[in-house]
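A look at the structure
One letter stands for each residue in the lines below.
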Amino acid sequence: MHYSKVDFGLLFNQSCGLCRIHPQTRGGLCQACLDDMPRIAPACRSCALPTEGTEGLICGRCQKRPPAFDRTYAAFAYRFPLNRLIPLIKYHGQTGQLGWLANSFADHLQHHCDALPQVLIPVPLAASRLRRRGYNQAALLAARLGARLTIATDLRSLTKPRETTHQMELRGKARRRNLKGAFSWNGPAYDHVALIDDVMTTGTTVNEISRQLKKAGVRRVDIWVLARTPAPGEQ
Ligand SMILES: [Zn+2]
Ligand SMILES: [Zn+2]
């Protein structure tokens, strides 16, 4: 990966969103940076974790315990540079980075998504956290993807009435208990939606939301995340 301290992007606004040196291709990055981005392939159709076999298979874990959602599309693996960029976007206000990330993701979806959803639903933050942070990065990402792919964004139907402990600090049953009643769905029985988030780690959160949506009559729930972390114990 090649970085420069000089922000040439200011001079050439069609330059790569990451290195800011080379001209960008369709995804918003230059070809060299695009080739360097960590992808997951082949990936499980259901949870987007790496599979041994061919693309589009369902991994053993999902076969044993099928998640409530239908498919997961992850633009990248949660490795460098995403593990640096995403915390900067989330906690340090560098939301401008979402521009090229969303473009690159939209490009990926146009090539890999079997069917585009009718609506995008960002994973919400609790009101207190939203106030502290000032923005929800998932909602910003959803808006950008929606604009790029011409899909409506629903910001109202899914809310998070109460704050939860960070899922990473909990295990198994405590994780599920932590999420009980954390999200509230008050929307129409859509035919096909995509839940939008920045990173998918264990998938417990999106699984809990998907369960609620399915119960409310939504037929198909896909998960769209910028980055997917490897399964616990895998690297
Ligand atoms: Zn570049
Ligand atoms: Zn799977």
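Residues numbered from 1 in each chain as written. Chains lettered and ligands numbered in written order. Predicted model: local features only at pLDDT ≥ 70, side-chain atom pairs only at ≥ 80, totals over all residues. Heavy atoms only, no water.

Details of the coordination of the zinc ion (ligand 1)
As a reminder, the rule being used: Distances define the donors: N, O and S atoms within 2.8 Å of the metal qualify, as do those within 3.2 Å of Na, K or Ca. Water is excluded, so some sites may look unfinished. Sites are called tetrahedral only when four donors show all angles between 85 and 135 degrees, square planar or octahedral only when four or six donors show opposite pairs over 155 degrees and all other angles between 65 and 115, and irregular in any remaining case. Burial status follows relative accessibility: with a 1.4 Å probe on protein chains alone, a residue under 20% of its type maximum counts as buried, one over 50% as exposed, and anything between as partly exposed.
Every protein donor of the zinc ion (ligand 1) is accounted for by Cys16 (SG), Cys19 (SG), Cys30 (SG) and Cys33 (SG), and the metal-donor separations fall at 2.3 to 2.4 Å. The site at the zinc ion (ligand 1) holds four donor atoms, and with the angles between them running 102 to 117 degrees, its shape is tetrahedral. Ordering the donors of the zinc ion (ligand 1) by residue number gives the pattern C-x2-C-x10-C-x2-C. Here the two residues Cys30 and Cys33 agree in accessibility, since each one is buried.

Observations concerning the coordination of the zinc ion (ligand 2)
Distances from the zinc ion (ligand 2) to its protein donors, Cys44 (SG), Cys47 (SG), Cys59 (SG) and Cys62 (SG), fall at 2.3 Å. Every donor counted, the four donor atoms about the zinc ion (ligand 2) form angles of 105 to 114 degrees at the centre, which fits tetrahedral coordination. Sequence positions of the donors to the zinc ion (ligand 2) reduce to the motif C-x2-C-x11-C-x2-C. A residue is classified by how much of its surface remains accessible, and Cys47, at 5% relative accessible area, is buried.

Some words on the side chain of Arg220
Heads up, the condition is: Only DSSP runs of H or I covering at least 4 residues are called helices, and only runs of E covering at least 2 are called strands; the numbering of each starts at the N terminus. Definition of a polar contact: a pair of N or O atoms within 3.5 Å, with one able to donate and the other able to accept a hydrogen when the atoms are protein atoms, and with sequence-neighbouring residues admitted only if both atoms are side-chain atoms.
Along the chain, the position of Arg220 falls in strand 7 (residues 220-228). Residue classification places Arg220 among the buried positions, given a relative accessible area of 13%. A polar atom in the side chain of Arg220 sits 2.8 Å from the side chain of Asp114.

As for the sheet that holds strand 2 (residues 119-122)
To be explicit about the condition: Pairing between two strands requires that DSSP report at least two bridges joining them.
As summarised here, the arrangement of the five strands in space is 1-7-6-2-3, forming an open sheet in which the pairing is parallel. Whereas interior strands pair on both sides, the edge strands pair on one side only; in this sheet they are strand 1 (71-77) and strand 3 (152-153). Note: strand 2 against strand 3, two bridges, orientation parallel. Its bridge partner lying in strand 3, Val119 is registered against Ala152.

Focus: the domain arrangement of the protein chain
This is how the line gets drawn: Where each domain begins and ends is defined by an automated method or by a domain database. We call two residues in contact when some of their heavy atoms are within 4.5 Å. Summed over both partners, the accessible area lost on bringing two parts together, with a 1.4 Å probe, is the buried area. What makes a salt bridge here is a side-chain nitrogen of Lys or Arg within 4 Å of a carboxyl oxygen of Asp or Glu, nothing more.
When cut into domains, the protein chain gives domain 1 (1-36) and domain 2 (43-228). For domain 1 and domain 2, the distance between their C-alpha centres works out to 27 Å. Taken together, the nine residues of domain 1 in the interface contact 11 residues of domain 2. For the domain 1 and domain 2 pair, buried surface summed over both sides reaches about 750 Å², with 58% attributable to carbon and sulfur atoms. If you look at where domain 1 meets domain 2, you find zero salt bridges. The interface formed by domain 1 and domain 2 contains zero residue pairs in polar contact (both at pLDDT 80 or more).

Things to note about helix 3 (residues 82-91)
The condition that has to hold: Note: the arc covers the axis-to-C-beta directions of the helix.
Considered for burial, the residues of helix 3 that qualify are Leu82, Leu85, Ile86, Ile89 and Lys90. Viewed along the axis of helix 3, the buried residues span an arc of 125 degrees, placing them on a single side of the element. Contact partners of the buried residues in helix 3: strand 1, helix 4 (98-112), helix 5 (127-133), helix 6 (137-149), strand 6 (192-200) and strand 7. With its phi angle positive at about 70 degrees, Gly93 sits one or two positions after the end of helix 3.

Considerations on a positive patch on the surface
Keep this limit in mind: Exposure above 30% relative accessible area and no salt bridge define the residues that can form patches, which grow by joining like charges within 9 Å and nonpolar side chains of Val, Leu, Ile, Met, Phe, Trp and Tyr within 5 Å. Areas reported here follow the Shrake-Rupley algorithm with a probe of radius 1.4 Å; residue values treat only the protein chains shown as occluding. Think of it this way: Lys and Arg go in the positive column, Asp and Glu in the negative one, and His and the chain ends go nowhere. Taken as the charge location is NZ of Lys, CZ of Arg, CG of Asp or CD of Glu.
A cluster of basic residues, Lys64, Arg65, Lys173, Arg176 and Arg177, forms a positive patch on the protein surface. By residue number, the principal contributor to the positive patch is helix 7 (residues 172-179), which donates three residues. Within the element layout of this structure, Arg177 appears in helix 7.

Brief notes about the pairing of strand 7
What counts here: Look down the strands so they point away from you; if going from the first strand over the helix to the second traces a clockwise path, that crossover is right-handed.
Most of strand 7 is tucked away: nine of the nine residues are buried. The sheet contact formed by strand 1 and strand 7 spans six bridges and is parallel. The residue of strand 7 that forms the bridge with Arg71 is Asp222. As defined by bridge partners, strand 6 adjoins strand 7 across eight bridges and the pair is classed as parallel. Residue pairing in the sheet places Met200 in a bridge with Arg228 of strand 7. Between strand 6 and its parallel partner strand 7, the chain crosses via helix 8 (residues 204-215), and the hand of that crossover is right-handed.

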